[in-house]
Amino acid sequence: QVQLVESGGGLVQPGGSLRLSCAASGFAFSTYFMSWYRQAPGKERELVARISNLGITTTYADSVEGRFAISRVNAKNTVYLQMNSLKPEDTAVYHCNVRIAGIDYWGKGTLVTVSS
């Protein structure tokens, strides 16, 4: 079955950096686009970044453009989210996502807290 396991979250000061990882299994990883979403307390889940199956095309939310970078290593079935210049408003649970045959699969998420 499809499994997505995120890691790398934690507490970081404003201006700091974190790298999130998502280990995928149960599907042909190199065939599918992968995405990172986030959900802050009291807010709806929002798309943060997406990467094409071969890593050639990336898209970002306006709020993270220029600060975050999504990447993937297909040989490791892993997608990453490098987050720099973090702000308090980046505080959220970050989820990995893949859509297969119209069905969205989600990891349980990793919490990122940006606070001094």
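For the structure, check the block above.
What you see is a predicted model, and the numbers here were worked out from it, not measured in a lab. (Residues numbered from 1 in each chain as written. Predicted model: local features only at pLDDT ≥ 70, side-chain atom pairs only at ≥ 80, totals over all residues. Heavy atoms only, no water.)

**Student:** Describe the environment of Thr110, and please don't skip the residues or the numbers.
**Tutor:** By the element assignment, Thr110 lies in strand β11 (residues 110-114). Residues Thr110 and Ala92, 18 residues apart in the sequence, show an inter-C-alpha distance of 8.4 Å. Residues in contact with Thr110, not counting those within four places in the same chain, are Glu6, Ser7, Gly8, Gly9, Leu20, Ala92, Val93 and Tyr94. Polar contacts involving the side chain of Thr110 include one to the main-chain amide nitrogen of Gly9, which spans 3.0 Å. (Helix = DSSP H or I, 4+ residues; strand = E, 2+ residues; numbered from the N terminus. Contact = heavy atoms within 4.5 Å. Polar contact = N/O pair within 3.5 Å; in protein donor to acceptor, adjacent residues only side chain to side chain.)

**Student:** Residues and numbers for the pairing of strand β3 (residues 18-25), please.
**Tutor:** Both strand β1 (residues 3-7) and β3 contribute to a ladder of five bridges, which runs antiparallel. What sits directly across from Leu4, in β3, is Ala24. Judged from the six bridges that link them, β3 and strand β8 (residues 78-83) form a sheet pairing that is antiparallel. Residue pairing in the sheet places Cys22 in a bridge with Val79 of β8. (Pairing = 2+ DSSP bridges.)

**Student:** So what's going on with the packing of aromatic side chains? Which residues, and what values?
**Tutor:** If you walk through the whole model with that rule in mind, you get three aromatic pairs. Here Phe27 and Tyr32 contribute two aromatic rings whose centre-to-centre distance is 5.9 Å and whose plane-to-plane angle is 65°, an arrangement assigned as edge-to-face. Judged by its relative accessible area of 14%, Phe27 falls in the buried class. Note on Tyr37 and Trp106: the rings are 4.9 Å apart at their centroids and 75° apart in plane angle, and the pair reads as edge-to-face. (Phe/Tyr/Trp six-rings, centres within 6.5 Å; stacked < 30°, edge-to-face > 60°. Buried < 20%, exposed > 50% of the residue type's maximum accessible area, 1.4 Å probe, protein only.)

**Student:** Pulling in residues and values, what's your account of the sheet that holds β3?
**Tutor:** Pairing within the open sheet is antiparallel, and its four strands lie in the order β1-β3-β8-β7. Two strands bound the open sheet, and with one partner strand each, they are β1 and β7 (68-73). Along the sheet, successive strands turn relative to each other by an average axial angle of 15°, direction set aside. One ladder, built from six bridges, connects β7 with β8; its direction is antiparallel. If you follow Ile70 over to β8, its bridge partner there is Leu81. (Axes fitted to C-alpha atoms, helices over the stretch in contact; angles between N-to-C directions.)

**Student:** Describe the state of the cysteines, with residues and values.
**Tutor:** Under the criterion given, the structure shown has one disulfide. Disulfide pairing places Cys22 opposite Cys96 at an S-S distance of 2.2 Å. Sign of the S-S torsion, about -85° for the bond between Cys22 and Cys96, identifies this disulfide as left-handed. Of this pair, Cys22 sits in strand β3 while Cys96 sits in strand β9 (residues 92-100); the two residues are 74 residues apart in sequence, bridging distant segments of the chain. Both residues of the pair, Cys22 and Cys96, belong to the buried class. (Disulfide = S-S within 2.5 Å.)

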